[in-house]
Amino acid sequence: MENVLEVYQRPFNASRPLICLDEASRQLIAETRPSIPLEPGKCKRTDAEYRRCGTASIFMMNAPLDGKRYVRVRQSRKRTDFAHVVRELCDELYSDAEKIVLVMDNLNTHSEASLYAAFEPAEARRLAEKLEIHYTPKHGSWLNMAEIELSILSRQCMSDYFDSITKLTTAIHEWEQARNQQLIGINWRFTTQDARIKLRKLYPTI
């Protein structure tokens, strides 16, 4: 825990950007009956019945000090999906960075092994060397600032039904662009000193 908190106290460094990565699953749903649009004095009315259309995996890459976030929607959350998201992060989004400081949880796919499962060893090693990985502790995923951004995305963008990955991707892309234009960052204020006081019961005792 303190390792991640210390990372959050580092000043902004363009050559070593801080990226928080997390992912979530989204069920794709279609209406069985058309909803009734919003009217003066009446809210939008949607029938309780729906049809399942599969699921999608949402990868959130949040740069809290830059005020940027990059969201990718994929059909699954396999090792190869994670690996391709990481390669885009390294080679396209932050190609000029010397090192990417990557904070993420301990999900089984969140490891360098996933890079080797998706790419040739030389390519996997190249990508791994560009990452400085910091894991949140078990049951401590709330320390990952990407979770905050995923929560905002869910409330602001994904309250409606989406019956296809294409429609979901379009809506998320528009949300991402609007939010990035405003350069909305995250002011993380919970420090190591706070943890030693408020979470002292979680520390081992002698």
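Look up a bit, the structure's there.
Residues numbered from 1 in each chain as written. Predicted model: local features only at pLDDT ≥ 70, side-chain atom pairs only at ≥ 80, totals over all residues. Heavy atoms only, no water.

## Some thoughts on the sheet that holds strand β4 (residues 100–104)
Next, step 1: Here five strands make up an open sheet; going across it, the order is β3-β2-β1-β4-β5 and the pairing mixed. Across the chains shown, the open sheet's two edge strands, defined by having one partner strand only, are β3 (68–74) and β5 (131–135). Averaged over all pairs of adjacent strands, the angle between strand axes in this sheet comes to 30 degrees, irrespective of strand direction.
Next, step 2: In this structure, strand β1 (residues 18–31) lies alongside β4, joined through three bridges in parallel fashion. If you follow Ile 19 over to β4, its bridge partner there is Leu 102.
Next, step 3: Strands β1, β2 (50–63) and β3 of the sheet are contacted by helix α6 (residues 165–181), whose axis makes an angle of about 175 degrees with β3. (Pairing = 2+ DSSP bridges. Helix = DSSP H or I, 4+ residues; strand = E, 2+ residues; numbered from the N terminus. Axes fitted to C-alpha atoms, helices over the stretch in contact; angles between N-to-C directions. Contact = heavy atoms within 4.5 Å.)

## So, empty space enclosed by the protein
Sizing a probe to match a water molecule and rolling it over the atoms shows the empty space that remains.
Next, step 1: Within this structure, the stated rule accounts for one cavity of 30 Å³ or more.
Next, step 2: Quantified by volume, the largest cavity comes out at close to 30 Å³.
Next, step 3: Lining the largest cavity we find Phe 82, Val 86, Met 104, Ser 111, Glu 112, Leu 115, Leu 131 and Ile 133.
Next, step 4: Looking at the lining of the largest cavity, the elements with two or more residues in it are α2 (79–93), α3 (112–118) and β5.
Next, step 5: For the lining of the largest cavity, the per-class residue count stands at six nonpolar, one polar and one charged. (1 Å grid on protein atoms, 1.4 Å probe; cavity = no way out; pocket = protein on both sides within 12 Å on 5 of 7 lines; lining within 4 Å. Points joined across faces, edges and corners; volume = space filled by probe spheres on them. Nonpolar A, V, L, I, M, F, W, Y, C, P; charged D, E, K, R; others polar.)

## Points about the side chain of Arg 69
Next, step 1: One can find Arg 69 in strand β3.
Next, step 2: Side-chain polar atoms of Arg 69 contact the backbone oxygen of Gly 67, separated by 2.7 Å. (Polar contact = N/O pair within 3.5 Å; in protein donor to acceptor, adjacent residues only side chain to side chain.)

## Remarks on unusual backbone geometry
Next, step 1: Of note, His 139 is a non-glycine position whose phi angle comes to about 65 degrees, a positive value.
Next, step 2: By relative accessible area, which is 73% here, His 139 ends up exposed.
Next, step 3: Of note, the phi angle at Leu 183 is positive, near 50 degrees, even though the residue is not glycine. (Buried < 20%, exposed > 50% of the residue type's maximum accessible area, 1.4 Å probe, protein only.)

## Some details on the pairing of β2
Next, step 1: Bridge count for β1 against β2 is eleven bridges, and the pairing is antiparallel. Its bridge partner lying in β2, Asp 22 is registered against Met 60.
Next, step 2: As judged from the seven bridges shared by β2 and β3, these two strands associate in the antiparallel manner. Paired with Ile 58 across the strands is Val 73, a residue of β3.
Next, step 3: As consecutive antiparallel partners, β2 and β3 are separated by four residues, and within that stretch Gly 67 has a phi angle of approximately 70 degrees, a positive value.

## Observations regarding the packing of α2 against helix α4 (residues 121–129)
Next, step 1: Between α2 and α4, whose axes approach to 10 Å, the crossing angle comes to 65 degrees. Considered as vectors, α2 and α4 are oriented roughly perpendicular to each other. Crossing handedness for the pair α2 and α4: left-handed. In this structure, α2 contributes Arg 87, Cys 90 and Asp 91 to the contact, and α4 contributes Glu 123, Arg 126 and Leu 127.
Next, step 2: In the contact of α2 with α4, the residues fall into two nonpolar, no polar and four charged. (Parallel < 35°, antiparallel > 145°, perpendicular 65-115°, else oblique. Left-handed = near helix turned anticlockwise from the far one by under 90°.)

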